[in-house]
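Below, each chain spelled out in residue letters.
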Amino acid sequence: MGDKSEKVPFSRKRRTTISGGSSLKTNGKKSGCVESNDDNNTTTHTIINKTHVEKTTQQLVTGKPTKEKGRPEALHDKLRCHRLQESLLSSASGYSNYRGILNWCVVMLVLSNARLFLENLIKYGILVDPIQVVSLFLKDPYSWPALCLILVSNLFILVALYIEKRLSVGFVSERVGFLLHFFNLSMILCFPVAVVLLVSSMTPVGGVFALAVYTILFLKLYSYKDVNKWCREIRQAKARTLARSQSFPMSHKANGDAVQAHVTYPGNLKHRDLYYFIFAPTLCYELNFPRSPRIRKRFLLRRLFEMLFFIQLLVGLIQQWMVPTIQNSMKPFQDMNYSRIIERLLKLAVPNHLIWLIFFYWFFHSSMNFVAELMQFGDREFYRDWWNSETVTYFWQNWNIPVHKWCIRHFYKPILKRGTSKWAAQTAVFLASAFFHEYLVSVPLKMFRPWAFMGMMSQIPLAWFVGRFLRGNYGNAAVWISLIIGQPIAVLMYVHDYYILNYEETPAAGMA
């Protein structure tokens, strides 16, 4: 025992209470137990040292103290308060939570516009007048030319359906059908122009509304013509007769769910099918539209409330904010005072842009979702994230999805199939868009100025410049600047010319 104690003078022996005869076995193997205890102590010291190194390494990497520290480590931590790191606003930091700055921008925007609104009230008083809104649509309460013009549009719808029925049974050839459709579509664009220009009781606002309805009808019937033509081509290629069926009705119910009947050509050539497409929030025709299973009443009421609220807000902002600013801009234009013109332009940019944003939400979200929910129209992609646009092209592709889909399907791709280059096809799309912008402005105002046309065509060089030289946030800023500044320029130009033609007294008239 003395030798054994010399071998391991610092070993601590555990006193174990063992019942029965197992104590004899333990005493008989005492030497082995001492050697095993020595090995365990060595292993324990190794694990402790390894754990200490890992905790020290973790502390150096993370800069955070570990939970269990000795006194030397705590003293060592007091000597260090810095570590390798980037500032939060540096791009290398990877920090992206700017919610507080966004809230600050919103607060500053609200406060600045509240000051402008208060200043406007102090200077002009309350200018909101609902009766004046009615006068914008009607000059004579007994004459409703815009509404009558819209009702007449049903004639062109029925003509298009009649032509397609004759084509489906082979009563007229494809060439004759093309000529008939061409005449019908041409009349859709020309007839309202003649009415607006010749009827003196037609107001500019009523003319814009009527021409917008006819423009939408033109695009819809053009798509209706193309899709039915493609169906006839498919039928001829398959060389078989397709069964007629009802148009899109809820035919029967299975297990409590409405089952939609599948429509095939020429079973779609019915009044109900065509008028569903006319009122649906889309410009591209299909034989079988995606349908929602039911009408959500709460969703419908929310959209209706938004429509009523935002239309009143738009009218109030236009009367209270925009109209006085535009009226005060006429004198600088007449005097050609460029500094004052720029000042008025920037002053008009804020309310004009705010009204444009509210109009976008009112039309593309509230109104179109209301109509889609009411008609159980399933495709609700009316816009995409245009506010993140880093190029002008991306903005025009995503802010108005119904028009973009129509342009791609019925204009851009057919031009490419004829061997035209992509650049020429894109230019043609902008040219068509510029025509319709000018069509909707110049005709109701009864004056022909190229400002809207030039504004749209200027998007082509702007798109090239932004796409080539500006990237990321710079490109997005350029898109926003073009939206904020470009629209007020066109507004001021048209208002100035309209004011000169209709309200400024000529010297000859003054002498008379």
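Our subject is the structure listed above.
Residues numbered from 1 in each chain as written. Predicted model: local features only at pLDDT ≥ 70, side-chain atom pairs only at ≥ 80, totals over all residues. Heavy atoms only, no water.

Caption draft 1: Expanded view of the overall build of the chain. From N to C terminus, the chain includes 20 helices and two strands. Taken over 512 residues, the chain has a buried fraction of 33%. In the chain, of all internal contacts separated by at least 6 residues, the share reaching a separation of at least 24 is 72%. Within the structure as shown, the chain displays about 33100 Å² of accessible surface, and the carbon and sulfur contribution to it stands at 65%. (Helix = DSSP H or I, 4+ residues; strand = E, 2+ residues; numbered from the N terminus. Buried < 20%, exposed > 50% of the residue type's maximum accessible area, 1.4 Å probe, protein only. Contact = heavy atoms within 4.5 Å. Areas by Shrake-Rupley, 256 points an atom, 1.4 Å probe, with all protein chains shown as cover.)

Caption draft 2: Summary view of the pattern of salt bridges. Enumeration over the complete set of coordinates arrives at eleven salt bridges. With a shortest N-O distance of 2.8 Å, E164 and R232 are connected by a salt bridge. Of this pair, E164 sits in helix α7 (residues 145-168) while R232 is found in helix α9 (residues 204-238), placing the two residues 68 residues apart along the sequence. On the basis of relative accessible area, R232 is assigned to the buried category, the value being 4%. Here E306 and R303 are joined by a salt bridge, their closest N and O atoms 2.8 Å apart. Placement of both E306 and R303 in helix α11 (residues 297-328) is noted, with a separation of three residues, approximately one turn of the helix. The exposure class of E306 is buried, given its relative accessible area of 14%. You can call R303 buried: its relative accessible area is 7%. Among the charged side chains, a salt-bridge network with shared partners connects E164, E174 and R232. (Salt bridge = Lys/Arg side-chain N within 4 Å of Asp/Glu carboxyl O.)

Caption draft 3: Structural context of empty space enclosed by the protein. The final tally for this structure, using the stated rule, is one cavity of 30 Å³ or more. Along its surface, the largest cavity is lined by W386, W387, S389, F395, N476, V479, W480 and L483. In terms of residue class, the lining of the largest cavity is made up of six nonpolar, two polar and no charged. (1 Å grid on protein atoms, 1.4 Å probe; cavity = no way out; pocket = protein on both sides within 12 Å on 5 of 7 lines; lining within 4 Å. Points joined across faces, edges and corners; volume = space filled by probe spheres on them. Nonpolar A, V, L, I, M, F, W, Y, C, P; charged D, E, K, R; others polar.)

Caption draft 4: Local environment of the packing of aromatic side chains. Across all of its chains, the model carries 38 aromatic pairs by this definition. With a centroid separation of 5.1 Å and 70° between ring planes, the pair formed by F277 and Y285 is classed as edge-to-face. Note on accessibility: F277 and Y285 belong to one class, buried. Taking the centre distance of 5.2 Å and the plane angle of 40° together, the rings of F465 and F469 count as tilted. Of this pair, F465 and F469 both sit in helix α18 (residues 459-469), four residues apart, roughly one helical turn. Take F465: its relative accessible area is 40%, and that puts it in the partly exposed class. Over the ring of F277 we find K220, and its NZ or CZ is 4.6 Å from the ring centre. (Phe/Tyr/Trp six-rings, centres within 6.5 Å; stacked < 30°, edge-to-face > 60°. Lys NZ or Arg CZ within 6 Å of the ring centre and 35° of its normal.)

Caption draft 5: Layout of the nonpolar core. Among the nonpolar cores identified, the biggest contains 62 residues, and I188, L221 and L274 are the most heavily contacted of them. When residues in this core are grouped by element, the largest group, ten residues, is from α9. If we ignore the near neighbours within four places in the chain, the residues touching L221 are F156, I157, A160, N184, L185, I188, L274 and I278. Core analysis: the second largest hydrophobic core is formed by 18 residues, M307, L314, L317 and L345 among them. (Core = buried A, V, L, I, M, F, W, Y, C linked by side-chain atoms within 4.5 Å.)

Caption draft 6: Representation of the packing of α7 against helix α8 (residues 174-198) in the model. Two elements in contact, α7 and α8, have axes whose closest approach is 10 Å; the angle formed by their N-to-C orientations is 175°. As judged from the angle between their axes, α7 and α8 are roughly antiparallel. Here α7 contributes L149, V152, F156, V159, A160, I163, E164 and L167 to the contact with α8, which in turn contributes E174, G177, L180, H181, N184, M187, I188, F191, P192, V195 and V196. Class assignment for the residues of the contact of α7 with α8 results in 14 nonpolar, three polar and two charged. (Axes fitted to C-alpha atoms, helices over the stretch in contact; angles between N-to-C directions. Parallel < 35°, antiparallel > 145°, perpendicular 65-115°, else oblique.)

Caption draft 7: Looking closely at the packing of α11 against helix α13 (residues 338-374). One way to put it is that α11 packs onto α13 with a least axis distance of 9 Å and a crossing angle of 160°. With respect to each other, α11 and α13 are oriented roughly antiparallel. Judged by the twist between their axes, the crossing of α11 over α13 is left-handed. Residue composition of the contact of α11 with α13, by class: 24 nonpolar, seven polar and five charged. (Left-handed = near helix turned anticlockwise from the far one by under 90°.)

Caption draft 8: Region of the structure containing unusual backbone geometry. For the peptide bond that leads from Y265 to P266, omega is 5°, which places it in the cis range. Mapped onto the elements, P266 comes out in the loop between β2 (257-260) and α10 (271-279). A positive phi is found at Q376, a non-glycine position, where the angle reads about 55°. Tracing the sequence through the fold places Q376 in the loop between α13 and α14 (392-398). With a phi angle near 55°, K446 is a residue other than glycine that sits in the positive phi range. Among the secondary structure elements, K446 is positioned in the loop between α16 (422-445) and α17 (451-457).

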